[in-house]
Amino acid sequence: MKVKHLVLSFFVFGIASLAALAQPAPEAAVDNFVKAEMERKKIPGVSVAVIKDGKPAVVKGYGLANIEHNVPVKPETIFQSGSVGKQFTAFAVMLLVEEGKIRLDEPIGKYLGDVPETWAKITVRHLLTHTGGMTDYPRDFDFRKDYTEDDLLKIIKETPLAFAPGEKWQYSNFGFVTLGIVIRKVTGKFYGDFLAERVFKPLGMTTARVISERDIVPNRSAGYVLRNGEVKNQEWVSPTLNTTADGALYLSLLDMIRWEEALAGRKLLSKDAYEKMWTPVKLNDGSEQRYGFGWALRNVNGFKVIEHGGAWQGFKSFIARYPDRGLTVIALANSENANPARLGNGIAEAVDPAVKPKPMVDPEPERTAGFRKVIEDILAGKPDEKRCSPRLYSALSSPNDRMTACLKTIGPIMKFELLERTDIGEAVLYKYAVEFESMNVIVEIGEDKKGIIGYLELQPE
C-alpha cells in the first residue's frame, strides 16, 4: 500500500509539474509581453512590478534608462509620474480631511479667499473627482515660462468653467493644480514638502519627490519622444511647471511598491477615507462616473479595477490594482510613444488571464462603425456637422476645444469596442473602449432618436 501510494504521489506530482511547465511563469509571461510592446512602440526603457497576494512576483527593468550613456533600467531607476501623481495629491487632501482642516463638501473659496462668482459652488470633492467644471491648460499656454502659484491661480480663475459644478465629468489638470494651492493655503507648506513629510518618509518611499532638473538625482532616467520614426529627447518646460500638483513627481519602481503596500494595508488613512477615494462620483442628476479621488474605476469580468495612468515630458506611467484578484501591476516607461494602459493591463492579463476582458457581442456593428468614423473625423480636424448637435459641433470646431486637442495627440484609433448601451429617455448612451496609439480611453457618446450626437466625452482608462 505504501509503495502504491508513493508511486501515485510521484505520478500526481509529475502531472502537476508538467501542467506548470505548460504555463509560462509570471516573469516569462511578463518578459514576452513587455519586450514585444517595447519593440512595437519603440520604447527605450520600461520598469515593471507585479505584486500578487501582497508579495512582489516580478520586479524588473527592461531596456535603457538613458540611451546616450547606455544606462540600463533597474528597479531603482527614477521616472516621472505624470498624472499618477494625482493620487498622491488626493491622498494629501484626505490626510487634511481626517484632521478636520479640509472638508470635502466645503466650497473651495473658503480656503482660497476671493474667487469668481462661478466658483461659489465648487467644492473640494468636485476638484478631486474632475466634476467642478474647470478645464485645462489652454492651447496658447506658455510651458516655458515660470509662474508663481498666484500666477497660475489667476490664469485658472480667468478660464471660464465648461459646465456647472457637479453637472458633468471632465478631466481637469487645472482642478488638481488648484488642490495643490489649497494644500499650501491650509498648511502653509508647499504640497511637495507636505507629501515628503507626511507620505513619502513614513512609507519608506526614499526616492519619491517633486521633479527638479537642477538637482543631482541618482538613477534618473531620460524621457524620450518619437519624431518621424526617430527617438529624440523630451521637450523642456519651465522649472515651476514641474512642481504642480497635477502630476510632477519623481518615482521609482521601489517607491511604487512601498505605495502599493500602503494602499493594500490601508496605512496613514482610515478605511473610510480609502472607501471614499475608491467610490465612483455621483453627478447632480444622480448618475455615476467611474472616477474617485485621483483614481479611475472600472470593472472587468465582474472584478474591480482601481487604476490610473500618467503622461508627461516623454514619460508614461500606470498602476492597476485588481483587489478581487490580489493583483497589482505597476509600469513606468520613458517614451511618449508608450500606451500606459495597454502596457499595464496587458501585463496583468499575461499574468492572470481571468482579468482579460471577455469580448462583448455588438448588436449594432454598423452604428459602432459610424461612431468610429465620427471620432476619426474629429481626429482629422473635420467634425461631421450632420451628425453633431449645433452646440457640440460648435465646441468641436473651436480651435481651443480641449477634446479635439487631446484626440490629435493620442490617435490614430487601433481598437473601438462596445462596452455598454443604455437608454436614457429620448436618447441612448453608448460607452466604447477605444485604444488609440498612445492611450486607452473610454468614449461616451449620447445619440438621440434622430441619430444626432449631443454628448461626447473622453475618460482616460
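The text that follows walks through the structure, step by step, so that each part is easy to find.

Quick notes on the rules
- Residues numbered from 1 in each chain as written.
- Predicted model: local features only at pLDDT ≥ 70, side-chain atom pairs only at ≥ 80, totals over all residues.
- Heavy atoms only, no water.
- Helix = DSSP H or I, 4+ residues; strand = E, 2+ residues; numbered from the N terminus.
- Rg over C-alpha atoms; globule rule 2.2 N^0.38 Å.
- Buried < 20%, exposed > 50% of the residue type's maximum accessible area, 1.4 Å probe, protein only.
- Lys, Arg positive; Asp, Glu negative; His and termini not counted.
- Charge placed at Lys NZ, Arg CZ, Asp CG, Glu CD.
- Pairing = 2+ DSSP bridges.
- Contact = heavy atoms within 4.5 Å.
- Axes fitted to C-alpha atoms, helices over the stretch in contact; angles between N-to-C directions.
- Polar contact = N/O pair within 3.5 Å; in protein donor to acceptor, adjacent residues only side chain to side chain.
- Core = buried A, V, L, I, M, F, W, Y, C linked by side-chain atoms within 4.5 Å.
- Salt bridge = Lys/Arg side-chain N within 4 Å of Asp/Glu carboxyl O.
- Expected span 1.5 Å × (residues − 1).
- Bend = angle between axes of the 7 residues up to and from the residue.
- Phe/Tyr/Trp six-rings, centres within 6.5 Å; stacked < 30°, edge-to-face > 60°.
- Parallel < 35°, antiparallel > 145°, perpendicular 65-115°, else oblique.
- Left-handed = near helix turned anticlockwise from the far one by under 90°.

**Observations concerning the overall build of the protein chain**
Of the regular secondary structure elements, the protein chain holds 14 helices and 18 strands. For 461 residues, the compact-globule formula gives about 23 Å, and the C-alpha radius of gyration of the protein chain, at 23 Å, lands near that figure. Across its three principal directions, the C-alpha atoms of the protein chain cover 85 × 55 × 50 Å. Taken across its 461 residues, the protein chain has 51% of its residues classed as buried. Charge-centre separation for the protein chain: the mean point of 61 positive side chains lies 4 Å from the mean point of 60 negative side chains.

**Quick look at the sheet that holds strand β2 (residues 55-66)**
Overall, antiparallel pairing links the seven strands, which are arranged β3-β2-β1-β14-β13-β12-β11 in an open sheet. Two strands close off the open sheet at either side, each with one partner strand: β3 (71-72) and β11 (296-300). Sheet analysis places β11 next to strand β12 (residues 303-312), joined by five bridges and oriented antiparallel. Opposite Arg 298, over in β12, you have Val 305 as the bridge partner. In the packing of helix α9 (residues 253-265) onto the sheet, the strands contacted are β1 (45-52), β2, β13 (315-322) and β14 (327-333), and the crossing angle to β1 comes to about 25 degrees.

**Details of the side chain of Asn 173**
Summarising the element assignment, Asn 173 is placed in helix α7 (residues 173-187). Among the polar contacts listed, one links the side chain of Asn 173 to the side chain of Lys 86, at a separation of 2.6 Å. Excluding residues within four positions of it along the chain, Asn 173 makes contact with Ser 83, Lys 86, Thr 135, Asp 136, Tyr 137 and Asp 246.

**Section: the nonpolar core**
Counting 74 residues, the largest nonpolar core has Phe 88, Trp 119, Val 124 and Trp 259 as its most contacted members. Each residue touching Trp 119, except ones within four places of it in the same chain, is listed here: Ile 108, Leu 112, Met 134, Leu 153, Ile 156, Lys 157 and Leu 161. Of all hydrophobic cores here, the second largest spans 26 residues; its members include Met 38, Phe 303, Tyr 322 and Ala 333.

**A word on the sheet that holds strand β8 (residues 249-252)**
Read across the sheet, three strands follow the order β4-β8-β5 without closing on themselves; strand pairing throughout is antiparallel. Two strands close off the open sheet at either side, each with one partner strand: β4 (78-80) and β5 (209-210).

**Considering the pattern of salt bridges**
Once the charged atoms of two side chains with opposite charge are near each other, the side chains can pair. Overall, the coordinates contain 29 salt bridges when judged by the stated rule. Ionic pairing is found between Asp 215 and Arg 209, a salt bridge with its closest N-O pair at 2.8 Å. Exposure remark for Arg 209: the relative accessible area of 27% places this residue in the partly exposed category. We note a salt bridge from Arg 298 to Glu 307, for which the minimum N-O separation is 2.7 Å.

**Focus on helix α8 (residues 191-203)**
Taking 1.5 Å per residue, 13 residues should reach 18 Å; α8 reaches 17 Å between its end C-alpha atoms and fits that length. Its maximal kink placed at Glu 197, α8 deviates by approximately 35 degrees. Looking at α8, one finds that the buried residues are Tyr 191, Gly 192, Phe 194, Leu 195, Val 199, Phe 200 and Leu 203. Turning to α8, the residues buried within the fold contact α3 (86-98), α7, β5, β8 and α9.

**Points about the pairing of β11**
Most of β11 sits inside the fold, with four of its five residues counted as buried. Hairpin remark: β11 followed by β12, antiparallel, with two residues in the connecting loop; positive phi at Asn 301, about 55 degrees.

**Describing the packing of aromatic side chains**
For the coordinates displayed, the defined rule picks out 20 aromatic pairs. Both rings, one in Phe 79 and one in Phe 315, keep their centres 6.2 Å apart while their planes meet at 85 degrees; by these two values the pair is edge-to-face. In this pair, Phe 79 is assigned in strand β4 and Phe 315 in strand β13, connecting sequence segments 236 residues apart. With respect to class, Phe 79 is no different from Phe 315; both count as buried.

**Some details on the pairing of β14**
Here β14 lies mainly inside the structure; seven of its seven residues are buried. What you see with β14 is no split at all: Leu 327, Val 329, Ala 331 and Ala 333 on one side and Thr 328, Ile 330 and Leu 332 on the other are buried throughout. Between β13 and β14, which pair antiparallel and follow one another directly, the connecting turn spans four residues, one of which, Gly 326, has a positive phi of 65 degrees.

**What about unusual backbone geometry?**
Phi is positive for Asn 70, which is not a glycine, with a value near 55 degrees. Mapped onto the elements, Asn 70 comes out in the loop between β2 and β3. Note on Asn 70: relative accessible area 56%, which makes it exposed. Its identity is not glycine, yet Asn 228 carries a phi of approximately 55 degrees, on the positive side.

**Things to note about the side chain of Ser 172**
By the element assignment, Ser 172 lies in the loop between α6 (149-158) and α7. By relative accessible area, Ser 172 is classed as buried at 3%. At 3.5 Å, the side chain of Ser 172 forms a polar contact with the backbone nitrogen of Phe 174. At 3.0 Å, the side chain of Ser 172 forms a polar contact with the backbone nitrogen of Gly 175. Setting aside anything within four residues of it in sequence, one finds Ser 172 in contact with Lys 86, His 130, Met 134 and Thr 135.

**Observations concerning the packing of helix α2 (residues 26-41) against helix α11 (residues 340-351)**
The N-to-C vectors of α2 and α11 enclose an angle of 150 degrees; their axes lie 9 Å apart at closest approach. Relative to α11, the element α2 lies roughly antiparallel. For the pair α2 and α11, the sense of crossing is right-handed. In contact with Pro 26, Ala 29, Val 30, Phe 33, Val 34, Glu 37 and Arg 40 of α2, α11 contributes Arg 342, Leu 343, Gly 346, Ile 347, Ala 350 and Val 351.

**Regarding the environment of Lys 121**
Mapped onto the elements, Lys 121 comes out in the loop between α4 (109-112) and α5 (124-128). Given a relative accessible area of 67%, Lys 121 falls into the exposed group. The spatial distance from the C-alpha of Lys 121 to the C-alpha of Glu 275 is 24 Å, given a sequence separation of 154 residues. With residues near it in sequence (within four places) discarded, Lys 121 still touches His 126 and Pro 165.

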